[in-house]
Structure formats: C-alpha cells, structure tokens
Amino acid sequence: MTRSRLIAELRMSPPVVLPSLLLCDFGNLAAEVRAVEKAGARALHLDVMDGNFVPNITYGMPIVEAVRRATDLPLDVHLMIAKPEDYIDAFVDAGASILTIHAEAVDDPRPALERIRRRDAVAGLAINPPTRLEAIASALPYCDMVLCMSVAPGWGAQEFDPAALEKLRSLRAQRGDALLLEVDGGVNAETVADCTRAGAQMLVVGSAIFRNGEQTYSESLSQLTALGAQSRSPEGSS
Ligand code: DX5
Ligand code: ZN
C-alpha cells in the first residue's frame with residue numbers, strides 16, 4: 001500500500017488500536033499475529049530496542065520480516081535505537097509500513113524522516129515523556145505521525161504518564177487532522193478515553209491486550225476501540 005493510501009486509511013474511523021507485539025508469545029509468533037488480526041486489529045506495532053538508546057533489547061529485522069510473512073496488515077515499527085538513520089532501508093525492506101524514530105536519538109530528525117518518506121513509508125517521530133514539543137517543532141513538516149510516549153520506553157506494562165496528554169492536545173490544536181497522533185505506553189480501559197479526548201487517533205496497547213486475564217483479544221480490542229471512540233475530541237473528528 002502506498003504511503004498516502006495508508007495515511008488515509010489510518011485517519012478513517014478512528015481510533016486505531018495497535019496491538020504491541022512486545023508482550024505476545026514469541027514462540028508462536030505467526031499464530032499470535034493471525035489471532036490479533038482475526039480479533040479485528042487494523043495495524044500492528046513492533047518495538048525494536050537496541051540496549052543502547054534504551055536499556056532493554058528486543059528484536060530486529062528478522063522478526064519484522066517474520067511478522068510481514070504472517071499478515072498483510074500495516075506494520076508500525078517503533079525504533080528505540082541509536083543511529084536510526086542507518087537502519088531505515090533495512091526496516092522498510094523487512095516490511096515496515098510506518099517507521100518511527102526517536103527525536104532523542106538524532107541531532108536532526110529531518111534527513112531520516114525524508115528518507116522514510118522517499119521509501120514510501122509513513123514517517124513517524126517519537127518523543128519521550130520529558131521531551132518538550134519545542135524540540136520537534138522544526139521537524140513537524142517532515143512528519144506524517146507524532147508518537148507521544150506515555151511511559152519511558154524500554155518495557156511494557158508500565159504506568160501511564162499523563163505528560164503525553166498535554167502534548168497531544170497541543171499538537172491537535174496546532175495541526176488539526178493534518179498529523180497522525182499516536183500514544184504508546186500504559187494505554188488501557190482506564191486511560192484510553194483521555195488519550196482520544198486529547199486527540200490521539202492511534203493507540204498502542206500491549207498488556208491490556210496480551211495480559212488481560214480472561215478477556216479475549218477480540219473483547220479487549222473492541223472494548224478499547226469503543227471506549228476510545230466515545231470520547232474523541234471535537235477537534236479530532238473528521
Ligand atoms: C514501551 C513500548 C510499548 C509497550 C506498550 O517501550 O514502546 O509499545 O509495549 O506496552 P503497554 O501497553 O503494556 O504499556
Ligand atoms: Zn512502542
């Protein structure tokens with residue numbers, strides 16, 4: 001799918017709840033991917049960590065490729081790595097449809113964002129909870145999506161940090177629907193409404209799907225989507 005077509009699809013009937021595979025059963029990866037797809041997921045979120053930009057290590061291109069073989073869903077690849085500009089082609093080749101780099105990992109995000117767009121992938125820029133919006137103001141024209149982190153990146157199942165909400169509200173007020181807004185970390189049935197009210201259309205969810213007791217993937221996905229849809233901000237509606 002082309003970049004512009006994917007952006008249009010992601011903006012259609014928000015919110016989009018993206019299961020974060022970080023907490024899935026990697027011994028049964030293809031089955032897990034098919035299960036969340038069957039449960040109604042419209043896109044999947046993949047967390048790449050390098051033990052350098054963040055203290056944890058997850059996986060790289062081979063797992064992205066394996067997920068790509070298991071599904072046609074858009075793959076939202078979140079690069080929590082140093083020197084992300086060196087790996088853009090490799091992750092797009094592996095199957096990334098959305099590629100997000102961290103503002104804190106580069107001096108100037110523009111060249112990396114432009115390279116992502118040149119590869120016809122959706123260009124995302126992430127900021128950690130302590131990073132202020134001013135730090136990315138000059139890069140916004142080169143972003144298709146901004147990811148406001150609501151936890152310090154590195155692990156799943158952490159508590160939601162409301163620092164993300166103010167940034168989402170401010171980006172929504174400045175840019176309306178022109179920019180896709182994503183939130184990642186601690187999104188669950190208690191916090192999802194605040195996220196969509198603040199303007200997020202894309203909600204990354206790990207533990208509230210993969211570690212949600214008796215609730216099935218389908219129940220969790222539809223509950224979160226419904227709760228998010230109910231409280232969407234008027235500025236965010238299209
Ligand atoms: C955190 C990752 C998230 C994480 C979300 O570093 O970027 O995608 O998996 O998991 P939950 O929803 O459990 O916070
Ligand atoms: Zn993530």
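The rules we used
- Residues numbered from 1 in each chain as written.
- Chains lettered and ligands numbered in written order.
- Predicted model: local features only at pLDDT ≥ 70, side-chain atom pairs only at ≥ 80, totals over all residues.
- Heavy atoms only, no water.
- Salt bridge = Lys/Arg side-chain N within 4 Å of Asp/Glu carboxyl O.
- Helix = DSSP H or I, 4+ residues; strand = E, 2+ residues; numbered from the N terminus.
- Core = buried A, V, L, I, M, F, W, Y, C linked by side-chain atoms within 4.5 Å.
- Buried < 20%, exposed > 50% of the residue type's maximum accessible area, 1.4 Å probe, protein only.
- Contact = heavy atoms within 4.5 Å.
- Axes fitted to C-alpha atoms, helices over the stretch in contact; angles between N-to-C directions.
- Parallel < 35°, antiparallel > 145°, perpendicular 65-115°, else oblique.
- Left-handed = near helix turned anticlockwise from the far one by under 90°.
- Nonpolar A, V, L, I, M, F, W, Y, C, P; charged D, E, K, R; others polar.

## Some details on the pattern of salt bridges
Inspection of the entire model under this criterion finds 11 salt bridges. The partner of R119 in a salt bridge is D93, and the shortest N-O contact between them spans 2.8 Å. Here R119, found in the loop between α5 (110-118) and β5 (122-127), pairs with D93, found in helix α4 (residues 88-94); they are 26 residues apart in sequence, far enough to count as distant. The shortest N-O distance in the salt bridge between D194 and R197 comes to 3.0 Å. Of the two residues, D194 and R197 both sit in helix α7 (residues 192-197), three residues apart, roughly one turn of that helix.

## Observations regarding the nonpolar core
Among the nonpolar cores identified, the biggest contains 65 residues, and L44, L46, V77, L99, V146 and V183 are the most heavily contacted of them. Excluding its chain neighbours within four sequence positions, the residues that come into contact with V183 are L147, C148, S150, F160, A164, L168, C195, A200, M202, L203 and V204.

## Digging into the packing of helix α2 (residues 29-38) against helix α3 (residues 61-70)
As a packed pair, α2 and α3 sit with axes 9 Å apart at the nearest point and diverge in direction by 50°. In terms of orientation, α2 lies oblique with respect to α3. For the crossing formed where α2 meets α3, the hand is right-handed. Along its contact with α2, which presents L29, A30, V33, R34 and E37, the element α3 presents I63, A66, V67 and A70. Split by residue class, the contact of α2 with α3 holds seven nonpolar, no polar and two charged.

## Concerning unusual backbone geometry
Geometrically, the link from P14 to P15 is a cis peptide bond, its omega value of 0° lying close to zero. Structurally, P15 can be placed in the loop between α1 (3-11) and β1 (16-19).

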